[in-house]
Amino acid sequence: MRKARALLVSALLVGGALTTFTAAPAHAESLRGVYYDYSECQRIGQYGYSQGWWGFWHCEAQYSYYFLYA
């Protein structure tokens, strides 16, 4: 009984670790560029979308700059 319990606990720990390390986020965004103008950020975002570089993108304004996330 003791060996079976130790084996079960080990299997659960390994299974949990594998699930944690192999899980990918559902929607991972990364910074693709920083621009001075909102129109430039939109233009590059749309160009990347049309080229198939990313499927979803948006521009965020911070500190008088525009950050392109995709």
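Here the structure is shown first, and the text comes after it.
First things first, this report covers the structure right here in the doc. Only a predicted model underlies this, so the values are computations on that prediction, with no experimental measurement involved.

1. Concerning the sheet that holds strand β1 (residues 31-35)
So, point 1. The sheet built from three strands is open, its strands ordered β1-β3-β2 with antiparallel pairing. Both edges of this open sheet fall to β1 and β2 (58-62), since each of them pairs with a single strand only. Ignoring which end each strand starts from, the neighbouring axes of this sheet average 25° apart.
So, point 2. Across the sheet, helix α2 (residues 38-51) is in contact with β1, β2 and β3 (65-69); its angle to β3 comes to roughly 15°.

2. Digging into the pattern of salt bridges
So, point 1. The full count for this structure, using the stated rule, is one salt bridge.
So, point 2. In this structure, the salt-bridge partner of R43 is E40, at a minimum N-O distance of 2.9 Å. With R43 and E40 both in helix α2, this residue pair falls three residues apart, about one helical turn.

3. Description of a nonpolar patch on the surface
So, point 1. A contiguous nonpolar surface patch, about 630 Å² in accessible area, is contributed by L31, V34, Y36, Y63 and Y65.
So, point 2. With respect to the helices, strands and loops of the structure, Y65 is situated in strand β3.

4. Regarding the packing of aromatic side chains
So, point 1. Counted according to the given criterion, the structure contains four aromatic pairs.
So, point 2. When the centroid spacing of 5.4 Å and the interplanar angle of 80° are considered together, the rings of Y47 and W53 count as edge-to-face.
So, point 3. Residue class for W53 comes out exposed when judged on its relative accessible area of 52%.
So, point 4. Taking the centre distance of 6.0 Å and the plane angle of 65° together, the rings of W53 and W54 count as edge-to-face.
So, point 5. The rings of Y47, W53 and W54 are connected pair by pair, giving a single aromatic cluster.

5. Some thoughts on the state of the cysteines
So, point 1. Following the criterion strictly, the structure yields one disulfide and no others.
So, point 2. Covalently, C41 is tied to C59 through a disulfide, its sulfur atoms 2.1 Å apart. Its torsion about the S-S bond being -105°, the disulfide of C41 and C59 is classed as left-handed. Of this pair, C41 sits in helix α2 while C59 sits in strand β2, placing them 18 residues apart in sequence.
So, point 3. Residue C59 is classed as buried on the basis of its relative accessible area, which comes to 15%.

So, how was this worked out
Residues numbered from 1 in each chain as written. Predicted model: local features only at pLDDT ≥ 70, side-chain atom pairs only at ≥ 80, totals over all residues. Heavy atoms only, no water. Pairing = 2+ DSSP bridges. Helix = DSSP H or I, 4+ residues; strand = E, 2+ residues; numbered from the N terminus. Axes fitted to C-alpha atoms, helices over the stretch in contact; angles between N-to-C directions. Contact = heavy atoms within 4.5 Å. Salt bridge = Lys/Arg side-chain N within 4 Å of Asp/Glu carboxyl O. Patch = residues over 30% accessible without salt bridge, like charges linked within 9 Å, V, L, I, M, F, W, Y side chains within 5 Å. Areas by Shrake-Rupley, 256 points an atom, 1.4 Å probe, with all protein chains shown as cover. Phe/Tyr/Trp six-rings, centres within 6.5 Å; stacked < 30°, edge-to-face > 60°. Buried < 20%, exposed > 50% of the residue type's maximum accessible area, 1.4 Å probe, protein only. Disulfide = S-S within 2.5 Å.

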